[in-house]
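Summary of structural features
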Amino acid sequence: MKIRRQQKIKDCKYCKTAFTDPRLDPETDFQSITIGNTDKGFNVYIDAGVVNNPPVSIKVFMWRDDLRQNVTVAAITPHYCPMCGRKIAENKPFLRKSKE
Ligand SMILES: [Zn+2]
């Protein structure tokens, strides 16, 4: 995947991808970090990676005992990183498609 980088981009550990940090490999830059406080059985993550659609997303997972796995119950495509406030330019093509 070819990445068009802007000049030095101020990011944070939650929204850092190969888009923002040229030292990262776009094939292996995926990360998922939990945020916030949730009720038991729920988790909220910020997922980031250039091969993701969208590259940066907020996901809410719920544990399903019957399936014995987490299922996605909400997915948000943010315009800005909720942790550092960076405008997530790489999400722009995906914002047009979403209903937000
Ligand atoms: Zn950030």
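For the structure itself, look to the data block above.
So, a few notes on the structure that sits alongside this text. Just so it is clear, the structure is predicted and the values come from calculations on it, not from any experiment.

Here we look at the overall build of the protein chain
What the protein chain contains, in helices and strands, is one helix and four strands. Secondary structure of the protein chain in N-to-C order comes out as β-β-β-β-α. Counting across all 100 residues of the protein chain, residues that qualify as buried make up 20%. A separation threshold of at least 6 residues defines the contact pool for the protein chain, and within that pool the share at least 24 residues apart is 33%.

Focus: the pairing of strand E4 (residues 69-76)
Of all eight residues in E4, zero are buried, a share of ten percent or less. Where strand E3 (residues 56-64) lies against E4, seven bridges are found, and the strand directions are antiparallel. If you follow Phe-61 over to E4, its bridge partner there is Thr-72. Linkage of E3 to E4, two consecutive antiparallel strands, is achieved through a turn of four residues, within which Arg-68 is found at a positive phi near 60 degrees.

So, the environment of Val-71
For Val-71, the location among the structural elements is in strand E4. By C-beta crowding, Val-71 is classed as exposed, having 10 other C-beta atoms within 10 Å. Residues Val-71 and Phe-61 lie 10 residues apart in sequence; the distance between their C-alpha atoms is 5.4 Å. Sequence-distant contacts of Val-71, that is, excluding residues within four places in its chain, are made with Phe-61, Met-62 and Arg-64.

Considerations on the sheet that holds E4
Ordered by their spatial adjacency, four strands build an open sheet running E1-E2-E3-E4, and the pairing between neighbours is antiparallel. On the outer flanks of this sheet lie strand E1 (31-35) and E4, each paired with one strand and no other. Strand-to-strand twist across the sheet, computed as the mean angle between neighbouring axes with direction ignored, equals 35 degrees. Two strands pair when backbone bridges link them, and strand E2 (residues 42-48) and E3 are joined in this way by seven bridges, in the antiparallel orientation. Across the sheet, residue Ile-46 finds its bridge partner in E3, namely Ile-58.

Some thoughts on the pairing of E1
Along a regular strand, successive side chains alternate from one face of the sheet to the other. The sheet contact formed by E1 and E2 spans five bridges and is antiparallel. By the bridge assignment, Thr-34 is partnered in E2 with Tyr-45. With antiparallel pairing between neighbouring strands as the criterion, E1 and E2 make up a hairpin whose turn holds six residues, including Gly-36 at a positive phi of roughly 70 degrees.

Calculation notes
- Residues numbered from 1 in each chain as written.
- Predicted model: local features only at pLDDT ≥ 70, side-chain atom pairs only at ≥ 80, totals over all residues.
- Helix = DSSP H or I, 4+ residues; strand = E, 2+ residues; numbered from the N terminus.
- Buried ≥ 20, exposed ≤ 12 C-beta atoms within 10 Å, placed from the backbone.
- Contact = placed C-beta atoms within 7 Å.
- Pairing = 2+ DSSP bridges.
- Axes fitted to C-alpha atoms, helices over the stretch in contact; angles between N-to-C directions.

These figures capture arrangement, not role.
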